[in-house]
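# Fold and contact review
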Amino acid sequence: DAHVEQGVNLWDPAAGGLTVFVGTVRDHDGGQDVQRLEYSAHPTAEARLAEVAAEVAEEFDVVAVAATHRVGVLEIGDVAVVSAVSAAHRDTAFAASRALIDRLKARVPIWKHQVFADGTDEWVDSPWPHTSPAPTSPDRRRARVLAAPQHVGSSSGGVEILRWLLPSGVVS
């Protein structure tokens, strides 16, 4: 799956640890059978995702950071979110990876609409509205925010950040 492959693209000779979190659509929630999820994103979601990724890159000693969240209709088993971090040491990779996914879920304005098998539905908690500090500058760690996965890699020795939102129909 292209979403999972982004983590593999974070490999770098300086990285001794690479962590990848893959969140999928499960078939149940709160004792109810889930039929599908429908994700929608606020127009600022990509900018918020970039802020979160840059913040994690600045806070942790990482080689690279990547995060993807899909939007649209997703079926059971579909990949919804992928986050990945590479670092020189595994402890740092795990800590930064946990921070990345937790902050993404808490601060990026993406709404989840659950449709249950019995025909009922619900909107799950959203981080919007959210007030946050001014975006941190990725330049402090020579981080780059990239728009396409083929550019991931750390040839300059700086941290690179990859982030984007993918519609649910985009699968390769």
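Residues numbered from 1 in each chain as written. Predicted model: local features only at pLDDT ≥ 70, side-chain atom pairs only at ≥ 80, totals over all residues. Heavy atoms only, no water.

## Overview of the overall build of the chain
Secondary structure summary: the chain contains three helices and nine strands in total. Helices and strands in the chain line up, N terminus first, as α-β-β-β-α-β-β-α-β-β-β-β. Burial statistics for the chain: of 172 residues in total, 44% are counted as buried. Across the chain, contacts joining residues at least 24 apart in sequence account for 72% of those joining residues at least 6 apart. Accessible surface, the chain: about 8,600 Å² in total, of which carbon and sulfur atoms supply 52%. (Helix = DSSP H or I, 4+ residues; strand = E, 2+ residues; numbered from the N terminus. Buried < 20%, exposed > 50% of the residue type's maximum accessible area, 1.4 Å probe, protein only. Contact = heavy atoms within 4.5 Å. Areas by Shrake-Rupley, 256 points an atom, 1.4 Å probe, with all protein chains shown as cover.)

## Some thoughts on the pairing of strand E3 (residues 32–41)
Relative to E3, strand E2 (residues 28–29) runs antiparallel, the two sharing two bridges. If you follow Asp29 over to E3, its bridge partner there is Gln32. Between E2 and the antiparallel strand that follows it, E3, lie two residues; Gly30 among them carries a positive phi value of about 55 degrees. The pairing of E3 with strand E4 (residues 62–75) spans four bridges and is antiparallel. Following the sheet pairing, Leu37 is matched in E4 by Leu74. (Pairing = 2+ DSSP bridges.)

## Re the confidence of the model for the chain
Predicted coordinates in areas of low pLDDT are best not read in detail. Considering every residue of the chain, the mean pLDDT works out to 75; 68% of them sit at 70 or more. In this model residues 129–172 is a low-confidence stretch, pLDDT under 50, and it forms 108 contacts with partners more than four residues away in sequence or in other chains. (pLDDT = per-residue confidence, 0-100.)

## Comments concerning the pattern of salt bridges
Counted according to the given criterion, the structure contains six salt bridges. Across the pair Glu59 and Arg103 runs a salt bridge whose closest N-O atoms are separated by 2.9 Å. Linking Glu59 in helix H2 (residues 45–59) with Arg103 in helix H3 (residues 90–107), this pair joins segments that are 44 residues apart in sequence. Arg98 is paired through a salt bridge with Asp102; the nearest N and O atoms lie 2.8 Å apart. Residue Arg98 and its partner Asp102 are located together in helix H3, separated by four residues, close to a single helical turn. Using a relative accessible area of 56% as the deciding quantity, one classes Arg98 as exposed. Counted as one network, the salt bridges with shared partners bring together Glu55, Glu59, Arg103 and Arg107. (Salt bridge = Lys/Arg side-chain N within 4 Å of Asp/Glu carboxyl O.)

## Regarding the environment of Pro43
If you trace the backbone, Pro43 turns up in the loop between E3 and H2. Residue classification places Pro43 among the exposed residues on the basis of a relative accessible area of 77%. Along the chain, Pro43 and Pro109 lie 66 residues apart, while their C-alpha atoms are 8.6 Å from each other.

## Quick notes on the nonpolar core
Of all hydrophobic cores here, the largest spans 28 residues; its most connected members are Val62, Leu100 and Val108. Looking at this core, the elements that each hand over two or more residues are E3, H2, E4, strand E5 (79–87), H3 and strand E6 (110–116). (Core = buried A, V, L, I, M, F, W, Y, C linked by side-chain atoms within 4.5 Å.)

## Concerning the pairing of E6
The buried fraction of E6 amounts to six of the seven residues, a majority that puts the element mostly inside the structure. In terms of strand pairing, E6 meets strand E7 (residues 121–124) through four bridges, oriented antiparallel. Note on E7: the bridge partner recorded for Lys112 is Val124. Counted along the chain from E6 to the antiparallel partner E7, the turn is four residues long, and its residue Gly119 has a positive phi close to 95 degrees.

## Quick look at H3
Between the first and last C-alpha of H3 there are 25 Å, a value that for 18 residues agrees with the 26 Å anticipated at 1.5 Å per step. Along H3, the residues that are buried comprise Ala93, Ala96, Ser97, Ala99, Leu100, Ile101, Arg103, Leu104 and Arg107. Next to the buried residues of H3 lie strand E1 (17–24), H2, E4 and E5. (Expected span 1.5 Å × (residues − 1).)

## Quick word on the environment of Gln35
Checked against the element boundaries, Gln35 lands in strand E3. Separated by 3.4 Å, the side chains of Gln35 and Arg36 make a polar contact. (Polar contact = N/O pair within 3.5 Å; in protein donor to acceptor, adjacent residues only side chain to side chain.)

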